[in-house]
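Now for the letters of each chain:
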Amino acid sequence: MPRRRILVTSALPYANGAIHLGHLVEYIQTDIWVRFQKMRGHEVHYVCADDTHGTPIMLRAEAEGIAPRQLIERVWHEHKRDFDGFNVGFDNYYTTDSPENRTFCEDIYSELSKHGLIAVRSVEQYYDPVKDMFLPDRYIKGECPKCGARDQYGDSCEVCGSTYAPTDLKNPYSVVSGAKPERRASEHHFFRLSDERCEKFLRRFTQGEGRLQPEAANKMKEWLGEPGENRLADWDISRDPPYFGFPIPGTDGKKFFYVWLDAPVGYFASFANYVARLRAEGGALGQDDFLRPGARTELVHFIGKDILYFHALFWPAMLEHSGYRTPSKIFAHGFLTVNGEKMSKSRGTFITAESYLRLGINPEWLRYYYAAKLGPSMEDIDLNLEDFVARVNSDLVGKYVNIISRYGAILSKHFDGRVLEEDPAAIERTRKYSNHAYAAEEGILDAYENREFGRAMREVMRATDLINQQIDQDRPWEMAKDASKKMELHVLCSDCVNAFRILTYYLAPVLPETAKRASELLGLDYPFSWGDLGKPITRVKPYKHLITRIDAKQIAALVEANRESVQPSLPQQSQQRHAQHQQHAAEEAAMSESISIDEFNKVDLRVARIVDAEPVEGADKLVKLTLDIGTETRIVFAGIKSAYALESLKGRYTVMVANLAPRKMRFGVSEGMVLAASGEDPGIFLVAPDAGAKAGMRVK
């Protein structure tokens, strides 16, 4: 088998939030594949980094009152802690805010420019007059220009999947301040993806050599269209200040690289940092062997299906025309659901990695469950919490560990842990158990290689079932009572622990810590090499528990630890003002009487959907809102006219006081009150529930 040389990456987590169980699907999937390839003897380098640039980082740092670099430094340590906790074995974990990344970005930009693939032209984009800044695509919402779905982001529609320019949105509003944005002109830099050189290359790249999964290749064909349709649009790779990122050369710091340009380049930067570290330690690794075309190496990306467009179109076209190597394989996975639904903070299923580890729950339980669910396609996978408990307890404890706990204990008690050598003349007769394990090897190898981890786990458990069935037939605990069967028992014990050793090899990419503890029990070298699969053991140490059962109470505690009530969702840019407002309110409250929980419970807060928003004749500040609260429709007059375009309000969700006595006004009767936040600075911000809340839900 020729030795492969592979550079493997996972998508870079954004340094604006915690790692959660949805993220971990990808990192565990990649880590399993990497560990398998290393066991097979291949040269594999697994690198990743925090994605650290962009407006969200800048705004969050501003809200926390710290510099962006302070924020990303803190989050880097949080992310690294979580990945280490789940045994994700990066060879290098870095940051995109690095000198290496800046050098690569500037070089790629320079080469694209030399080849005539950078264009500079004036574009109209949205500007927030309240915050005095141009708005990134994801900070503008409105109605999709293709299907009409409401509350869609400025770059793509989550309902129909269309991509478009932010200025194509209907009835747009700023996510930062809630204000109606203004259209202003600004010069921007574009990567000319529409150039026929890019189109011809991408047709070859996406449809040939098996680089993409079949469903991904079909999606690319749909996005590319037929030759001559010119479906590819140029890609805006610049952003205006204020912006946290790398300035574009030659712009005097007035333009910055868009975060989606420098994020994938971060793969190369992390690898370059890794190579430099190895060299400083006396090692030798050729950077250009993996980053430039020509060498017999592979570049393999693991990503989520939501970022396929960037990785299968923009990224390879950018690399191809700047002198760098293009990806060998791009593997996209689906999303994670929990108990059949999207992860939810209110239900406690938006589970962070930190909370899982803090509660002392074994990370290898989750690694196994994900492996048992993962296949080679882009289908979503479901973490069913009841099934999680049942499967781990059954497969890992009831089947796998059961083998060594039964025979290992007998071997230690009756034979001082000594394992008999196999008799070459009687292998077929004495391999009563291990033959079941050896027979599964070919299928397991093929499954791991093709990322069919669910199939690999089924093959392992099928062999494990056969071994346990044989144990039940042989009843070694009964044989141990019969002195005349001592030799036969010793042979069976020796073969059975060797069968367990083989199963441990098969599970090692998924359960690295369990495999390590098993290696100590069995006297094996670790990490394992697949080439040693047939190498028997000579002695086992007294058995100690390798893995314990999940207690359903642990999972209940995990859900409870992550449960949040439906809370108002303020725009990020207004959080600091909101905090100041809360501080002033707290100071005022300190001078007034507190209320009891019973008094608070008298207030009936309900989620309301805004059905209609109309102007009120003769009122400069009021808007007439028609609100759906599930069981009925209410009319409420709200003083928010200065903050929102009327069309932008339709279809949005807010929170209202439903049991406020009706108030007769000269414009009509107001049947409640909507909640909004404001502070010393300009701006009024409607309180909104988290996604998933429905009209009529009680806020408590």
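Position numbers for residues start from 1 in each chain and track the written sequence from start to end. Totals for whole chains, interfaces and linings use every residue, but because this is a predicted model, local features are given only for residues with pLDDT of at least 70 and side-chain atom pairs only at 80 or more, for both listing and counting. Computation of side-chain values covers all heavy atoms of the structure but excludes hydrogens and water.

Q: I'd like to hear about the overall build of the chain, residue by residue, with values.
A: The helix and strand tally for the chain stands at 23 helices and 26 strands. Seen through its C-alpha atoms, the chain measures out along the principal axes to roughly 105 × 70 × 45 Å. Exposed residues in this analysis have more than 50% of their type's maximum accessible area, buried residues have under 20%, and partly exposed residues fall in between, with area computed by a 1.4 Å probe over protein chains only. In the chain, buried positions account for 53% of the 700 residues. Taking the intrachain contacts of the chain between residues at least 6 apart in sequence as the baseline, contacts between residues at least 24 apart amount to 74%. Charge assignment: positive for Lys and Arg, negative for Asp and Glu; neither His nor the chain ends contribute. The atom standing in for a charge is NZ when the residue is Lys, CZ when it is Arg, CG when it is Asp and CD when it is Glu. Separation between the mean location of the 90 positive side-chain charges and that of the 98 negative ones in the chain comes to 2 Å. Per the convention used, a helix needs a DSSP run of H or I reaching at least four residues, while a strand needs a run of E reaching at least two, with both numbered from the N terminus. Residues are treated as being in contact if the distance between any of their heavy atoms lies within 4.5 Å.

Q: Let's hear about unusual backbone geometry: which residues, and what values?
A: Put simply, Pro 241 and Pro 242 share a cis peptide bond, and its omega is 0°. In this fold, Pro 242 is placed in the loop between strand S11 (238–239) and strand S12 (256–257). Omega for the bond connecting Tyr 526 with Pro 527 falls within 30 degrees of zero, at 5°, which places this linkage in the cis form. Topologically, Pro 527 is positioned in the loop between helix H19 (512–522) and helix H20 (552–561). Its identity as a non-glycine residue notwithstanding, Asp 132 has a phi of 55°, on the positive side.

Q: Now, about the sheet that holds strand S5 (residues 133–134): what can you tell me, with residues and values included?
A: Ordered by their spatial adjacency, four strands build an open sheet running S5-S4-S9-S10, and the pairing between neighbours is antiparallel. For this open sheet the edge positions go to S5 and strand S10 (235–236), each flanked by a neighbour on one side alone. In terms of strand pairing, strand S4 (residues 118–128) meets strand S9 (residues 182–191) through ten bridges, oriented antiparallel. Residue pairing across strands places Val 120 opposite His 189, the latter belonging to S9. The rule for pairing is simple: two strands pair if DSSP sees at least two bridges between them.

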